Amino acid sequence: MSIAALIVAAGRGTRAGGDLPKQYAEIAGAPVLWYTIKAFAAAEGVTDIQVVIHPDDAEHYGRAVPTNGGKLWPPVPGGATRQASVLAGLEAMHGLSPTYVLIHDAARPFVPRRCIAGVIDALAHHAGAIAAVPVADTLKREQSGQTISATIDRAGLWAAQTPQGFRFGDILAAHRRAAAEGLTHFTDDAAVAEWAGLDVVLVGCDSANIKLTTADDLAAAVRRLAPAMPFETRTGTGFDVHRFAPGSSVWLCGVEIPHDARLDGHSDADVGLHALTDALLGAIGDGDIGQHFPPSDPRWKGAASHLFLADAARRVRDRGGRIVNVDVTLLCEAPRVGPHREAMRRAIASILAIDVSRVGVKATTTEGLGFTGRREGIAAMASASVALPA
Ligand code: MG
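Conventions we followed
- Residues numbered from 1 in each chain as written.
- Predicted model: local features only at pLDDT ≥ 70, side-chain atom pairs only at ≥ 80, totals over all residues.
- Heavy atoms only, no water.
- Disulfide = S-S within 2.5 Å.
- Helix = DSSP H or I, 4+ residues; strand = E, 2+ residues; numbered from the N terminus.
- Buried < 20%, exposed > 50% of the residue type's maximum accessible area, 1.4 Å probe, protein only.
- Contact = heavy atoms within 4.5 Å.

Draft legend 1. Layout of the state of the cysteines. A full pass over the atoms with the stated rule returns 1 disulfide. At a sulfur-sulfur separation of 1.9 Å, the disulfide partner of C115 is C205. Of note, the bridge from C115 to C205 carries an S-S torsion of about 85° and is right-handed in sense. Taken together, the residues C115 in helix α4 (residues 113-122) and C205 in the loop between β11 (200-204) and α7 (215-225) connect sequence positions 90 residues apart. Classification of C205 by relative accessible area gives buried; the value is 12%. As a non-bridged cysteine, C253 has C332 as the owner of its nearest cysteine sulfur, 10 Å distant. Overall, the relative accessible area of 0% leaves C253 in the buried class. Classification of C332 as buried rests on a relative accessible area of 4%.

Draft legend 2. Molecular detail of the environment of I351. The topology assignment puts I351 in helix α11 (residues 341-352). Residue I351 is classed as buried on the basis of its relative accessible area, which comes to 6%. It is 5.7 Å that separates the C-alpha atoms of I351 and A310, two residues lying 41 residues apart in sequence. In this structure, I351 is in contact with R63, L273, H306, L309 and A310, ignoring residues within four places of it in sequence.

Here is the structure:
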């Protein structure tokens, strides 16, 4: 028997003040989606994981995914609505045709193992089963101007969560039929299944399975994760130099800056990102950039250096660690870094999937002294602090 998790991460909802869709927002050093994938990767019985993402989010996704022993399939692009995205994910799994599929919102990263297990168990006897909690608050219907017109009996009312599990063939057929009939109003997959006449049961879960929706939810999630594990702080440093060569722009800290020369190197020669990659690798004692991406390997010729940095960040997260802060200093007479500093900070924050407040970028000249003073090249130094499980 095979059981696939279909994680729906194609939404555009951004948290207050942020510009990242909430499933990529950082909580305690890792993106929300990372925790969600981890939950299913660790769940007993789950054999495959398929994530549906927004077509614009491939880079965010690349930074969010943990390595997980091979359960995870490459992401597929979603559609204009949640319903369309689920159908796209189900169609992508058609070749796999698992026995059961557990459809889950990316924004519910704390789904308890017992809820996943409960849904799977219920599928032995029912076509569908969903995680849900009994409604605890008294419900009011508003008439107008916030005047109450009725109090609704909450007996027998449940709030639907995810995962929502189904026999794969049944839910694929139901979704296909709904799409073919132009019905696009369903807000969860159980509603599609109910419409198709499938028998769907409620599986009691709990409030830990919260859907992170607001900035407050994210902040609460951070507080919840923070004390869970004793962490210790590790620090690493990095240093790099690249020489100038004839050209018209340089890459510095993930930003291309017009200049009267380029930096020479096997990759794009982004000296800032190279120093920072080494700082992160140093903090976790995992070699250096040359070891993981040898200049002798033709795969890395002309490579964009954000690949190296994102890989270092993934190595931190694979150890259960989180990046506390990073800091880069560029040493050069030219180009001027100041006008590009904020773009560099944002680029690094995006590559590392951390908040921009955790990123420092500074620059200095060397007063005309030495190779940087003679404008023969650019040097960069960096430090990184990482919290690792003690
Ligand atoms: Mg280098």
